[in-house]
Amino acid sequence: MTGLSSEMRRQVEKLLHAGHSDRGIHQATGVARTTIARHRRRLGLPSYLVTADGPACRHGHPFPENIAHDSNGWLICRECRRLHGRKQAARAYIPAQPDQAAITRAAAGDPPDRLTPRERHAAIRRLDSRDYSAAVIAEHVRCSPRTVHRARSKQAA
Ligand SMILES: [Zn+2]
């Protein structure tokens, strides 16, 4: 029925009894997940052995301090949920982009009410390349000449 060696099969069974997931066993042993699932069914083990009175979640986060329940009442691990949420947030993160229209407007002497420091520096850079004096640039971008000097020295650095 399976092409597993008896030694490999014993190892898979041991991990199944220890409450590891099919995926975890697959990653640890390289055995196909369908094969692992077949052994799990044969042994009559549920795919999720973690219970609230167990010592930890299947990723090793200790219970009961990490016990939580989702809105459907399923037992979930607080730490796993936190890590998962972080991963999701990191995946969804889009860095803020400077508003090009605001930079163009500022460079033309009509800055919007709110310019981010990054947009202001971009506008200063644009005017700087046209060889305007610091006072003129400051007037265009509506900031102090000191900000222009600071942006210049930051650029030079
Ligand atoms: Zn966990």
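Residues numbered from 1 in each chain as written. Predicted model: local features only at pLDDT ≥ 70, side-chain atom pairs only at ≥ 80, totals over all residues.

Undergrad: Whenever I open this one, the domain arrangement of the chain confuses me. Can you help?
TA: In many reports, interface size means the accessible area that the parts give up when they come together. When the domains of the chain are assigned, the result is domain 1 (1–49), domain 2 (50–93) and domain 3 (100–156). The C-alpha-based centres of domain 1 and domain 3 are spaced at 64 Å. (Domains from an automatic or database assignment.)

Undergrad: Which parts of the structure should I look at to understand helix H7 (residues 134–141)?
TA: Helical geometry note: an α-helix holds 3.6 residues per turn, so side chains three or four residues apart project in the same direction. Taken together, the buried positions of H7 are occupied by Ile137, His140 and Val141. When H7 is viewed along its axis, its buried side chains cluster within an angular range of 85° and face the same direction. Within two residues after H7, Arg142 carries a phi angle of roughly 60°, on the positive side. (Buried ≥ 20, exposed ≤ 12 C-beta atoms within 10 Å, placed from the backbone. Helix = DSSP H or I, 4+ residues; strand = E, 2+ residues; numbered from the N terminus. Arc of directions from axis to C-beta.)

Undergrad: Would you mind going over the nonpolar core with me for this structure?
TA: Soluble globular proteins tend to pack their nonpolar side chains together in the buried interior. Counting 13 residues, the largest nonpolar core has Ala106, Ala123, Ile124 and Val141 as the members making the most contacts within it. Counting only elements with at least two residues in this core, the list comes to helix H5 (100–107), helix H6 (117–128), H7 and helix H8 (145–156). Considering every element that reaches this core, the biggest residue donor is H6, with four residues. In this view, Val141 contacts Ala106, Pro111, Arg120, Ala123 and Ile124; residues no more than four positions away in its chain are not counted. Val12, Leu16, Val31 and Ile36 belong to the second-largest nonpolar core, a separate cluster that totals six residues. (Core = buried A, V, L, I, M, F, W, Y, C linked by C-beta atoms within 7 Å. Contact = placed C-beta atoms within 7 Å.)

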